[in-house]
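This is what each chain is made of:
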Amino acid sequence: MANYSLNISDAVSTGWDYAKKYGLIIAVIIFIVSLLTGGLSNIGSPDLNPDVASNIGRRIGSGDTQALKELIDTYSSSSGLNVFFSIVSILIEIAMYVGLYNLALGLIRGIYNEVGFDAFKLPLATYVKYVVVEILVGIITAVSFMCCIVPYFFVAPRLVFAPLYVIDNPEAGVFEAIKASWGMTQGNTLAMIGLYLALIGIVIVGFLCCCVGVYFAAVVALFATVAAYLQLKGNWA
């Protein structure tokens, strides 16, 4: 097995270079999807008039059980609809990130030369496996955090590439993807932590640029993550 090391500077530089070329349109896509998913998440949520809410609050405070029942009925009547649209918004966001990661892989490799929706034309099984891998990685990292905070910072960076591996290798199984990410990042844990500290810094700077810059910063992080993946993929291939 090869022993490639992550070069943080090269990964961030690649992220910046590709963001300069394609960042604007991708940032617009992320922005539009964030507006759409945010709107869907709010559909079905109870919209109480402030005066009505204040009145109910005062009645509850005075021991009016009927007011408490009114409040519960208001939320319970909308909870089912809210859950449905929340799930839809999550699925849309997942589809966006799967497509954008595949697009970034194609642009860096030269498969694509422009931003288009061909990158989203992946088998349904790939989207499903991406979700399953994300869930499994979330569980593993959560367990590592509960055991002790320190192991979390050594486990989480090792599993970052698992979802990306599934996108890059649609035929791979979910456990193979997790194993591949672990193998790719072997000996590069501290470098992976350094990369994501750098990307967090970039996102913070983007947020400070009137908040709008956070979408462009997200594009830099997207390409930088893919560039890092391609640097270390040889450790498993």
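Residues numbered from 1 in each chain as written. Predicted model: local features only at pLDDT ≥ 70, side-chain atom pairs only at ≥ 80, totals over all residues. Heavy atoms only, no water.

Draft legend 1. Layout of the pattern of salt bridges. Within this structure, the stated rule accounts for four salt bridges. Residue D17 is joined to K20 by a salt bridge in which the shortest nitrogen-to-oxygen separation is 3.9 Å. Placement of both D17 and K20 in helix α1 (residues 8-42) is noted, with a separation of three residues, approximately one turn of the helix. Using a relative accessible area of 52% as the deciding quantity, one classes K20 as exposed. Between D118 and K121 there is a salt bridge; the shortest N-O distance is 3.2 Å. Of the residues examined, D118 reaches a relative accessible area of 49% and is grouped as partly exposed. Salt bridges sharing common partners tie together R109, D168 and K233. (Salt bridge = Lys/Arg side-chain N within 4 Å of Asp/Glu carboxyl O. Helix = DSSP H or I, 4+ residues; strand = E, 2+ residues; numbered from the N terminus. Buried < 20%, exposed > 50% of the residue type's maximum accessible area, 1.4 Å probe, protein only.)

Draft legend 2. Quick look at the packing of aromatic side chains. Counted by the stated rule, this structure contains six aromatic pairs. Between Y18 and F223, the aromatic rings sit 5.6 Å apart at their centres with planes inclined by 25°, giving stacked as the arrangement. Remark: F223 occurs in helix α9 (residues 213-232) and Y18 occurs in helix α1; sequence separation between them is 205 residues. In terms of burial, Y18 and F223 fall into one category: buried. Ring centres 5.2 Å apart and planes at 80° place the aromatic pair F31 and Y215 in the edge-to-face group. In this pair, F31 sits in helix α1 while Y215 sits in helix α9, placing the two residues 184 residues apart along the sequence. Take F31: its relative accessible area is 35%, and that puts it in the partly exposed class. Aromatic ring contacts, followed pair by pair, group Y18, Y22 and F223 into a single cluster. Taking NZ or CZ as reference, K21 lies 5.3 Å from the ring centre of Y18, over its face. Over the ring of W182 we find R158; its NZ or CZ atom is 4.0 Å from the centre of that ring. (Phe/Tyr/Trp six-rings, centres within 6.5 Å; stacked < 30°, edge-to-face > 60°. Lys NZ or Arg CZ within 6 Å of the ring centre and 35° of its normal.)

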